[in-house]
Amino acid sequence: MTTTINRAVFARVSSPYFPVLTAVFVGVMLISNIAATKAVVLFDWLQFDLGPLHVNGLVTDGAFFLFPLSYVIGDVISEVYGFRAMRRTVGAGFVVILLASLCFWLAIELPAADFYDGQSSFETVLGAVPQIVAAGLAGYVVGELLNSYVLVKMKERAGERHLWVRLITSTVVGEFFDTLVFCSIAATAIGISTWSDFINYVVIGFVWKTLVEIVVMPATYAIVAYLKRAEPSYREGLEAGDAGATHVP
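Cut-off values and rules
Residues numbered from 1 in each chain as written. Predicted model: local features only at pLDDT ≥ 70, side-chain atom pairs only at ≥ 80, totals over all residues. Heavy atoms only, no water. Axes fitted to C-alpha atoms, helices over the stretch in contact; angles between N-to-C directions. Helix = DSSP H or I, 4+ residues; strand = E, 2+ residues; numbered from the N terminus. Contact = heavy atoms within 4.5 Å. Nonpolar A, V, L, I, M, F, W, Y, C, P; charged D, E, K, R; others polar. Salt bridge = Lys/Arg side-chain N within 4 Å of Asp/Glu carboxyl O. Buried < 20%, exposed > 50% of the residue type's maximum accessible area, 1.4 Å probe, protein only. Patch = residues over 30% accessible without salt bridge, like charges linked within 9 Å, V, L, I, M, F, W, Y side chains within 5 Å. Areas by Shrake-Rupley, 256 points an atom, 1.4 Å probe, with all protein chains shown as cover. Parallel < 35°, antiparallel > 145°, perpendicular 65-115°, else oblique. Left-handed = near helix turned anticlockwise from the far one by under 90°. Phe/Tyr/Trp six-rings, centres within 6.5 Å; stacked < 30°, edge-to-face > 60°. Expected span 1.5 Å × (residues − 1). Core = buried A, V, L, I, M, F, W, Y, C linked by side-chain atoms within 4.5 Å.

Draft legend 1. Inspection of the packing of helix α2 (residues 68-81) against helix α3 (residues 83-109) at higher detail. Contact pair α2 / α3: the axes reach a minimum separation of 7 Å and the direction vectors enclose 145°. Contacts from Gly74, Ile77, Ser78 and Tyr81 of α2 reach α3 at Ala85, Met86 and Thr89. Residues of the contact of α2 with α3, tallied by class, amount to 4 nonpolar, 3 polar and no charged.

Draft legend 2. Looking closely at the pattern of salt bridges. Tallied over the full model, the rule gives 7 salt bridges. A salt bridge links Glu79 to Lys228, with the shortest nitrogen-to-oxygen separation between them at 2.8 Å. Residue Glu79 is found in helix α2, and its partner Lys228 is found in helix α8 (residues 217-230); the two are separated by 149 residues along the sequence. Given the relative accessible area of 0%, Glu79 is considered buried. For Lys228, a relative accessible area of 12% corresponds to the buried category. The residue Glu156 makes a salt bridge to Lys153 at a minimum N-O spacing of 3.5 Å. Linking Glu156 with Lys153, this pair stays in helix α5 (residues 129-158), spanning 3 residues, or about one helical turn. Judged by its relative accessible area of 40%, Glu156 falls in the partly exposed class. On the basis of relative accessible area, Lys153 is assigned to the partly exposed category, the value being 36%.

Draft legend 3. Quick peek at a nonpolar patch on the surface. Together, Trp195, Ile199, Val203, Val207, Leu211 and Ile214 make up an exposed nonpolar region whose accessible area comes to about 570 Å². Mapped onto the elements, Val207 comes out in helix α7 (residues 195-215). For Val207, a relative accessible area of 40% translates into the label partly exposed.

Draft legend 4. Broad picture of the packing of helix α1 (residues 17-35) against α2. Two numbers describe how α1 lies on α2: the axes approach to 9 Å, and their chain directions differ by 155°. The pairing of α1 with α2 is recorded here as roughly antiparallel in orientation. When you trace α1 past α2, the crossing you get is left-handed. Contacts between α1 and α2 involve Tyr17, Phe18, Leu21, Val24, Phe25, Val28 and Met29 on the former and, on the latter, Leu69, Ser70, Ile73, Gly74, Val76, Ile77 and Tyr81. Looking at the contact of α1 with α2, its residues break down into 12 nonpolar, 2 polar and no charged.

Draft legend 5. Up close: the packing of aromatic side chains. Overall, the coordinates contain 6 aromatic pairs when judged by the stated rule. Here the aromatic rings of Tyr17 and Tyr226 are separated by 6.0 Å at their centres, their planes lie at 85°, and the arrangement is edge-to-face. A residue pair is termed long-range when its members are at least 10 positions apart, and Tyr17 in helix α1 and Tyr226 in helix α8 qualify at 209 residues. Classification of Tyr226 by relative accessible area gives partly exposed; the value is 42%.

Draft legend 6. Just α7, in detail. With 21 residues, α7 ought to run about 30 Å at 1.5 Å a step, and its terminal C-alpha atoms sit 30 Å apart, in line with that. When we look at burial in α7, the residues that qualify are Ser196, Phe198, Asn200, Tyr201, Val202, Gly205, Lys209, Thr210, Val212 and Glu213.

Draft legend 7. Main features of the nonpolar core. Grouped together as the largest cluster of nonpolar side chains are 30 residues, with contacts concentrated most on Leu21, Phe25, Ile77, Val80, Tyr81 and Tyr140. When residues of this core are traced back to their parent elements, those giving at least two are α1, α2, α3, α5, α6 (163-186) and α8. Aside from chain neighbours lying at most four places away, what touches Leu21 is Ile73, Val76, Ile77, Tyr81 and Leu227. If you look at the next biggest cluster of nonpolar residues, it comprises 12 residues, including Ala135, Cys183, Phe198 and Tyr201.

Below, the structure written as C-alpha cells:
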C-alpha cells in the first residue's frame, strides 16, 4: 500500500541549501547574459527552405549550452521551496545583473591607459551587454515566474504526484515566453537582421531549452528527491499531510 499526499508541501527557505541554489542560479544568469552577446551558427551545412523560413544552419547565441540550467534550478526551487522563494531568487538575479550592467558601462567609459590596446574589443563585447541584459531581464522575469507559477499551481492540485508532468508543462510555458521576449529584444544586438534568422533563433532556442529540460530530468528528479529528504521542514510538512493523505492499495 502506497501513500499519496494530495496537497502541496514546501520547505522553509531558512536552510543551508536555498542560498546555494540561489547563488548558482544568479551566477548562471550573469554568465549567460555575457556569453549571449556572441552570435553562433551550428551545423552550417544544414540548409533548407520551409515556407518563408530559410535555414542556413541553426542560429543561436553563446549561452545556448548554459542557460537551460537556470530553468532546471528554477524548477528545483519552485518544487521544493515554492513560488515566493522563486520570486526572491528572481529578484536577487535582477539586482545582480543590473549591477553588472552598470559596472560594465562604467568600465567602458573610464579613460583607457595609453598602453592598453583592447578598448575597442572591450566595447564590442561588453558594449552590447546592456541590450542583452534588458532582453535577459525581461525574458527571464517573465519566463521564470511563469515557469514557477505553473509548476506550483499544478503541484497544489496534484500534491507529490506527477512531478514529470509539471516539470515539462511549466518548462514549455516558461521557455516559450522567455525565448520569445529575449530574442525579440536581443536579436539586433547580436547581428540578426532578417525575419528568417529571427524565426530560426526563436524556434531553435525554444526547442533546444525544452529538450535539455527533458534530457536532464533524471538529474532534476534526483536533486528534488535529495532536498525533500534533506530539508527537515519538508519532511515535517509531509508528515503533517499524511493524516489527510490518500492510501492506495
